[in-house]
Amino acid sequence: MNTQALITAGETVFKTVSGKTISASLESNIADVGSLVTVGLSLLERNTEFNVSGVVDGLTQILSGVNTTVQAAKTKAVNASASTGGA
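Presented here is an overview of the structure given in this document. Here the structure is a predicted model, which is why all the values come from computation and not from measurement.

**Side note on the overall build of the chain**
Part 1 of the argument: Looking only at helices and strands, the chain features 3 helices and 0 strands.
Part 2 of the argument: Across the 87 residues that make up the chain, the buried fraction comes to 17%.
Part 3 of the argument: By element, 60% of the accessible surface of the chain is carried by carbon and sulfur atoms, the whole surface being about 6,300 Å².

**A closer look at the packing of helix H1 (residues 3-18) against helix H2 (residues 24-46)**
Part 1 of the argument: Between H1 and H2, the shortest axis-to-axis distance is 10 Å and the interhelical angle comes to 140 degrees. With respect to each other, H1 and H2 are oriented oblique. Both H1 and H2 take part in a crossing whose hand is right-handed. On H2, the residues that touch Thr-3, Ile-7 and Glu-11 of H1 are Glu-27, Ile-30, Gly-34, Thr-38 and Leu-41.

**Quick look at the environment of Leu-44**
Part 1 of the argument: Positionally, Leu-44 belongs in helix H2.
Part 2 of the argument: Overall, Leu-44 belongs to the partly exposed group, its relative accessible area being 35%.
Part 3 of the argument: For Leu-44, the contacting residues outside a window of four places in its chain are Phe-50 and Val-52.

**Some points on a nonpolar patch on the surface**
Part 1 of the argument: The grouping of Leu-44, Phe-50, Val-55, Leu-59, Ile-62 and Val-66 at the surface amounts to a nonpolar patch, some 490 Å² of accessible area in total.
Part 2 of the argument: No other element matches the 4 residues that helix H3 (residues 52-74) contributes to the nonpolar patch.

**Here we look at H1**
Part 1 of the argument: The terminal C-alpha atoms of H1, which comprises 16 residues, lie 23 Å apart, in line with the 22 Å expected from a rise of 1.5 Å per residue.
Part 2 of the argument: Those residues of H1 that are buried lie in contact with H2 and H3.
Part 3 of the argument: Just downstream of H1 lies Gly-19, where phi reads positive at about 75 degrees.

Analysis parameters
- Residues numbered from 1 in each chain as written.
- Predicted model: local features only at pLDDT ≥ 70, side-chain atom pairs only at ≥ 80, totals over all residues.
- Heavy atoms only, no water.
- Helix = DSSP H or I, 4+ residues; strand = E, 2+ residues; numbered from the N terminus.
- Buried < 20%, exposed > 50% of the residue type's maximum accessible area, 1.4 Å probe, protein only.
- Areas by Shrake-Rupley, 256 points an atom, 1.4 Å probe, with all protein chains shown as cover.
- Axes fitted to C-alpha atoms, helices over the stretch in contact; angles between N-to-C directions.
- Parallel < 35°, antiparallel > 145°, perpendicular 65-115°, else oblique.
- Left-handed = near helix turned anticlockwise from the far one by under 90°.
- Contact = heavy atoms within 4.5 Å.
- Patch = residues over 30% accessible without salt bridge, like charges linked within 9 Å, V, L, I, M, F, W, Y side chains within 5 Å.
- Salt bridge = Lys/Arg side-chain N within 4 Å of Asp/Glu carboxyl O.
- Expected span 1.5 Å × (residues − 1).

Next up, the structure:
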């Protein structure tokens, strides 16, 4: 289970949306909470009938997709044309 990838994807979305970087002290707090979440999810995975790792991986992919979408929305297309077709 790669909870660090999930945390990193969340941080990336934050940076893309806000345009700000995360401070060192907040980064440290996120790492601490991430460790607790990893332990909690590991316990959950052992005691449930569903694939917790798959859920974490899926959420990571969703956040990566959200980040890509936000980046595209913030970027002006260089070669966009007003019309398609030719004369």
